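# Fold and geometry: a report
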Amino acid sequence: MNDVEYNKQKARVLALEKKWGTCLGMHWWKITHVWKRNTCEGEKGYGRTVVALALVDWEYRIATITWFLEVVEGRPDTDLEDDFVHECCHVLVNE
């Protein structure tokens, strides 16, 4: 993945943050996005490719979402939007 494509995929995710962040109440959280160019294979032998992983420190409202941009690149916009909301739900319910 070259730098142009990397930045394009990052922008897709950040646009979703702008669209959904306030609606989902994410403005109360300190969320760091980490951007990986490669893929991450699913854990526990599920055999699926992971779009993102959320690590949450719930009691302090701090979260890190790692995005695997090679996978993001292959996702249609509607699926990526579902993925974004899905990761935010992990943040919100991970007590």
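Refer to the structure presented above.
Because the structure is predicted, anything quoted here is derived from the model rather than measured. All residue numbers refer to positions counted from 1 along the written sequence of the respective chain. At least 70 in pLDDT is required for a residue's local features to be given in this predicted model, at least 80 for side-chain atom pairs to be given and counted, and no such filter applies to totals for whole chains, interfaces and linings, which use all residues. Computation of side-chain values covers all heavy atoms of the structure but excludes hydrogens and water.

### Let's talk about the state of the cysteines
We call a pair of cysteine sulfur atoms a disulfide whenever their separation is within 2.5 Å. Tallied over the full model, the rule gives 0 disulfides. Between C23, a free cysteine, and C88, which holds the nearest cysteine sulfur, the sulfur-to-sulfur gap is 10 Å. Among the cysteines around C89, which has no disulfide bond, C88 carries the closest sulfur, lying 7.1 Å off.

### Focus on unusual backbone geometry
Positive phi values are uncommon outside glycine, yet R61 reaches one of about 55°. As for its placement among the helices and strands, R61 is situated in the loop between β4 (52–57) and β5 (62–68). Under the scheme applied here, a residue whose accessible area is under 20% of the maximum for its type counts as buried, over 50% as exposed, and between as partly exposed, the area being computed with a 1.4 Å probe on protein chains only. Taking the relative accessible area as the measure of exposure, R61 reaches 43% and is therefore partly exposed. Starting at the N terminus, helices and strands are each numbered in turn, a helix being any DSSP run of H or I of at least four residues and a strand any DSSP run of E of at least two.

### Let's talk about the nonpolar core
Judged by nonpolar contacts, the single largest core of 21 residues is most densely connected at V13, W67, V72 and L80. Looking at this core, the elements that each hand over two or more residues are α1 (3–20), β5, α2 (69–73) and α3 (77–93). Note on contacts: a residue pair is in contact if any heavy atoms of the two residues lie within 4.5 Å. Contact partners of V72, with chain neighbours within four places excluded, come to Q9, R12, V13, V51, W67 and L80. Nonpolar core, defined: a set of buried Ala, Val, Leu, Ile, Met, Phe, Trp, Tyr and Cys residues in which side-chain atoms within 4.5 Å join the residues together.

### Re the packing of aromatic side chains
Pairing of aromatic rings covers Phe, Tyr and Trp, the last through its six-membered ring, and needs centres within 6.5 Å; plane angles under 30 degrees mean stacked, over 60 mean edge-to-face, and all others mean tilted. Going through the model one piece at a time under the given rule, you end up with 1 aromatic pair. Judged by centre distance (6.1 Å) and plane angle (5°), the rings of W67 and F84 are stacked. Of this pair, W67 sits in strand β5 while F84 sits in helix α3; the two residues are 17 residues apart in sequence, bridging distant segments of the chain. Here W67 matches F84 in class, with each residue buried. Above the ring of Y6, the side-chain terminus of R37 is found at 4.2 Å from the ring centroid. A positively charged side chain is recorded as over a ring if its NZ (Lys) or CZ (Arg) lies within 6 Å of the ring centre. The angle to the ring normal must also be within 35 degrees.

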